Amino acid sequence: MTAISQAQRLQALQNPLYVFDQKAIIVGAIIQTVSILAIIVISVLKPWRRRNIQKQEPKEAVVSGS
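Residues numbered from 1 in each chain as written. Predicted model: local features only at pLDDT ≥ 70, side-chain atom pairs only at ≥ 80, totals over all residues. Heavy atoms only, no water.

J.: Talk me through the overall build of the protein chain; I want residue IDs and the actual numbers.
T.: In terms of helices and strands, the protein chain carries 2 helices and 0 strands. For the protein chain, the residues scored as buried account for 6% of the 66 residues in total. Only carbon and sulfur atoms are counted for the fraction: they give 61% of the accessible area of the protein chain, which is about 6900 Å². (Helix = DSSP H or I, 4+ residues; strand = E, 2+ residues; numbered from the N terminus. Buried < 20%, exposed > 50% of the residue type's maximum accessible area, 1.4 Å probe, protein only. Areas by Shrake-Rupley, 256 points an atom, 1.4 Å probe, with all protein chains shown as cover.)

What follows is the structure in structure tokens.
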């Protein structure tokens with residue numbers, strides 16, 4: 001895109017390859033934004049609720065005597 005912009009200046013807006021790349025960048029940015037918002041919502045709301053994990057008592061280490 002930068003090479004096309006340098007060579008064609010304002011005419012680049014009429015170049016199909018330039019327009020295609022421009023749209024691809026916009027679509028990619030939208031996908032990234034939606035993804036990061038979904039990750040934030042999931043991490044904050046935790047829709048599946050917290051799991052009830054029972055605490056296990058630590059096992060004592062067996063020391064062999066000599």
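J.: Lay out helix H2 (residues 16–45) with the relevant residues and their values.
T.: Between its first and last C-alpha atoms H2 spans 43 Å; for 30 residues at 1.5 Å apiece the expected length is 44 Å, and the two agree. N-cap assignment for H2: the residue whose side-chain oxygen lies 3.0 Å from the backbone N of Leu 17 is Asn 15. One or two positions beyond H2, positive phi appears at Lys 46, with a value near 45 degrees. (Expected span 1.5 Å × (residues − 1). Polar contact = N/O pair within 3.5 Å; in protein donor to acceptor, adjacent residues only side chain to side chain.)

J.: Tell me about a nonpolar patch on the surface, and name the residues and values.
T.: On the surface, a nonpolar cluster with roughly 680 Å² of combined accessible area is contributed by Ile 36, Leu 37, Ile 39, Ile 40, Val 41, Val 44 and Leu 45. Note on placement: Leu 45 falls in helix H2. (Patch = residues over 30% accessible without salt bridge, like charges linked within 9 Å, V, L, I, M, F, W, Y side chains within 5 Å. Salt bridge = Lys/Arg side-chain N within 4 Å of Asp/Glu carboxyl O.)

J.: Please set out the side chain of Asn 15 residue by residue, giving values where relevant.
T.: If you trace the backbone, Asn 15 turns up in the loop between helix H1 (2–8) and H2. You can call Asn 15 buried: its relative accessible area is 17%. Beyond its immediate stretch of four places on either side in the chain, Asn 15 contacts Ile 4 and Gln 8. (Contact = heavy atoms within 4.5 Å.)

J.: Go over unusual backbone geometry with me, naming the residues and quoting the values.
T.: The bulk of non-glycine residues show a negative phi, and the bulk of peptide bonds are trans. One non-glycine residue, Arg 9, adopts positive backbone phi at about 50 degrees. Within the secondary structure, Arg 9 sits in the loop between H1 and H2. Overall, the relative accessible area of 64% leaves Arg 9 in the exposed class.

J.: Give a detailed account of the environment of Asn 15, specifying residues and quantitative values.
T.: Put simply, Asn 15 and Ser 5 are 10 residues apart on the chain and 9.8 Å apart in space, counted from C-alpha to C-alpha. Of the polar contacts made by the side chain of Asn 15, one reaches the side chain of Gln 8; its length is 3.4 Å. In this structure the side chain of Asn 15 is engaged in a polar contact, spanning 3.0 Å, whose partner is the backbone nitrogen of Leu 17.

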